[in-house]
Structures are given as structure tokens and as C-alpha cells.
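# An overview of the molecular structure
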Amino acid sequence: MKKVHLMMMGGVLLCLTGMAQTDTTLQEKSTADTLRVGSIIIIKNGKEDKSEDTRHKEWNTHRSRWKNKVSTNWFVVDLGFANHDDKTNYGTIEAQSFVHGSTLAHPAGESDFNVKTGSFNLNVWLFMQRMSLYKQVVNLKYGAGIELYKYYYKSDIRYIEAPNPYVERQNITFKRNKLAFDYVTVPLMLNINPNPGHKNGGLNISVGASASYLYGARNKQKSDDLGKQKFAGDFNLERWKLAYIAELGLGPVRLYGSYAITPLHQYGVDQHPYAVGVRFSSW
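### So, the overall build of the chain
Looking only at helices and strands, one finds 3 helices and 14 strands in the chain. Considering the chain as a whole, with its 283 residues, one finds that 36% of them fall into the buried category. The long-range fraction of contacts in the chain, counting pairs at least 24 apart against all pairs at least 6 apart in sequence, stands at 68%. Total accessible area on the chain stands at roughly 17200 Å², and carbon and sulfur atoms take up 61% of it.

Structure follows, in C-alpha cells:
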């Protein structure tokens, strides 16, 4: 009987020794990829387990890099001189029929659409952003805003809104004859800034294009005979406008320019609006 007890005790001792050795082996194999809770060892299969603090730091680092790469300018304003490049062939029937009231003695011509020097362009950009493409020397500039054009005509013409809009010569002398047309515009430019660390901005240039959509047009007139009059409509103006645009920075001074690729009217005359002026912007 004693031999049986001795054999049982020996077996127990062997089991305990084996368990101790197994536990020691697991402890030795425990690495940063394992987690021990009491006598339980959890293997993470090599997947990274980031703490909340680590994720927060990484997010701040990402946001800081984005802020260094992108800068925003709010409410940029342009003010400049506006006119149009008249490429119309007034010898065509289409051009002559677009201007009503013209005769063989006085056919329609460029003088019907001449604008005064006081004609202007006012742009209000809700925002403009500059995103660095290469060390803030080569940048992408883009934004969104509205463009307002005011043409003051020298002649006594009136835009007539009809199923087929046209322009009519009036037998009234206008003190003021204004055509106003407004666009929602998105510009996109490539900006070159050789000295990004310059205190006043240094010399930089931007070139690109813009896409616009016409959202309103008005023909306002003032005369002794009829007083003030206002007519609203599309007036045969093109809904969409594509334009070449450019900006030149000389220290704190910013100059801008735009030239419409698409004509102002859908038919009749071929006129391309352009504007040149000053941009009030911090960069």
C-alpha cells in the first residue's frame, strides 16, 4: 500500500514539475505582442494596439501637417476696369438682325456696344486656398465667389427680353445706360512663389482658368423722358463662362486679370468680357 502511495505522490510531483516548466516556457516566449492576465496569456497576432493617447497625438500631427500645407484667405475682394473684346463680323445678317432699328444708312456696328471708361468689375471671393505642391514654392490656388460686371454704354440701346432676345436702338437720350451681369465662379490656378518666406510675399505669379455660371442680368437706364427704368432677363447672354485668369503679386500689391474664352452672347454678336484690376488679399 505504501508503494502505491509513493507512486501516486511521484506522479503528482512529475505533473507539477511539467506545469512549472510549461509556464516558464510561455513566460519566456511572452513579447510585446502578448498580454498576460493572471495565468492567462493572450497573443495579439502581431496587430498594433494603439492607445487613445497615441491616436490623439497622431491626429494632431496629421492636422498640423495639413495646416502647414494649406492656407486659407477669407473674403478676398477684386476691383478693376471692365470691357469686352468685340470680334463680331458686323457684315453678317445675324449681326445686323440682332440690332433692331438699324438702317442701311446706319447699319449696326461696334459703336452700338462701346462702353464708357467707368465700366467696372467687382469680385467677392468667399474664400481662396493655397495648397503646397512642392515646398510652398509650387502651389495650387482655388476658391469660390461671385463676379459682378457693370457695363455703361455710350449708345442709346436697350436689351429686349423676348422669345428671341435682341438689342433695340432707342429714340431717347439716356443719361445712364447700364448692363449688369453676375456670375458664380470657381477659379483654379497654379501659383509660383520663389520666396515663400519673404516678409511681404515677394514676387509670385498665378495662372489658370475659371468656370462661371450666370445667375442674373439687368439693364438699368435713366433719362429725362422716362426717368429710371430697370429690365431683368437673360438677354441672350451665355449661361456658362470659361475664362483665362492670372494674378501677379509684387510684395503687398496684388494685380489680377481675366479674359473670357466664351462669348458674352449666345448669338448675334461675338464679344468677350475682360477685366484688369487690384486684388485685396493677404497673399
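From this point, things continue past the structure.
### Looking at the pattern of salt bridges
Considering all chains together, one arrives at 8 salt bridges under this definition. For E247, the salt bridge is made with K141, and the minimal N-O distance between the two is 2.7 Å. Residue E247 is located in strand β12 (residues 240-250), and its partner K141 is located in strand β6 (residues 138-152); the two are separated by 106 residues in the primary sequence. E247 sits in the buried class, given a relative accessible area of 2%. Its salt-bridge partner being K175, residue D224 comes within 2.8 Å of it at the nearest N-O pair. Of this pair, D224 sits in the loop between β10 (203-223) and β11 (227-232) while K175 sits in strand β9 (residues 174-192), placing them 49 residues apart in sequence. Accessibility classification places D224 together with K175 in one group, the exposed group. In this structure, a network of salt bridges that share partners links the residues D78, K141, E247 and R279.

### Notes on unusual backbone geometry
One non-glycine residue with positive phi stands out, namely F75, at about 55°. Summarising the element assignment, F75 is placed in strand β3 (residues 70-86). What makes F75 exposed here is its relative accessible area of 59%. For F235, which is not a glycine, the phi torsion comes out positive at approximately 55°. With respect to the element layout, F235 can be found in the loop between β11 and β12.

### Let's talk about the environment of L214
With respect to the helices, strands and loops of the structure, L214 is situated in strand β10. If near-sequence neighbours (up to four positions away) are discounted, L214 is found in contact with F181, D182, Y183, L237, E238 and R239.

### With respect to the nonpolar core
Residues F113, Y151, Y153, Y159, L179, F181 and L237 are the most contacted members of the largest nonpolar core, which totals 25 residues. Breaking this core down by element, the ones donating at least two residues are α3 (93-98), β6, β7 (157-160), β9 and β10. Among the elements that make up this core, the one with the highest residue count is β9 (3 residues). The residues touching Y159, leaving out its near neighbours within four places in the chain, are F113, Y153, Y166, V167, L179, N219, F235 and H265.

### Focus: the packing of aromatic side chains
Remark: the centre distance and the inter-plane angle together describe each pair of aromatic rings, the angle taken between the planes. The tally for this structure, following the rule as stated, stands at 11 aromatic pairs. Both rings, one in W74 and one in F127, keep their centres 6.3 Å apart while their planes meet at 55°; by these two values the pair is tilted. Taken together, the residues W74 in strand β3 and F127 in strand β5 (residues 120-134) connect sequence positions 53 residues apart. The exposure class of W74 is exposed, given its relative accessible area of 59%. Cation over ring: K241 sits above Y183, and NZ or CZ is 5.0 Å from the ring centre.

### Observations concerning the pairing of β11
With 0 of its 6 residues buried, β11 lies for the most part at the surface. Judged from the 6 bridges that link them, β10 and β11 form a sheet pairing that is antiparallel. Among the inter-strand pairings, R218 is bridged to a residue of β11, identified as A232.

Conventions we followed
- Residues numbered from 1 in each chain as written.
- Predicted model: local features only at pLDDT ≥ 70, side-chain atom pairs only at ≥ 80, totals over all residues.
- Heavy atoms only, no water.
- Helix = DSSP H or I, 4+ residues; strand = E, 2+ residues; numbered from the N terminus.
- Buried < 20%, exposed > 50% of the residue type's maximum accessible area, 1.4 Å probe, protein only.
- Contact = heavy atoms within 4.5 Å.
- Areas by Shrake-Rupley, 256 points an atom, 1.4 Å probe, with all protein chains shown as cover.
- Salt bridge = Lys/Arg side-chain N within 4 Å of Asp/Glu carboxyl O.
- Core = buried A, V, L, I, M, F, W, Y, C linked by side-chain atoms within 4.5 Å.
- Phe/Tyr/Trp six-rings, centres within 6.5 Å; stacked < 30°, edge-to-face > 60°.
- Lys NZ or Arg CZ within 6 Å of the ring centre and 35° of its normal.
- Pairing = 2+ DSSP bridges.

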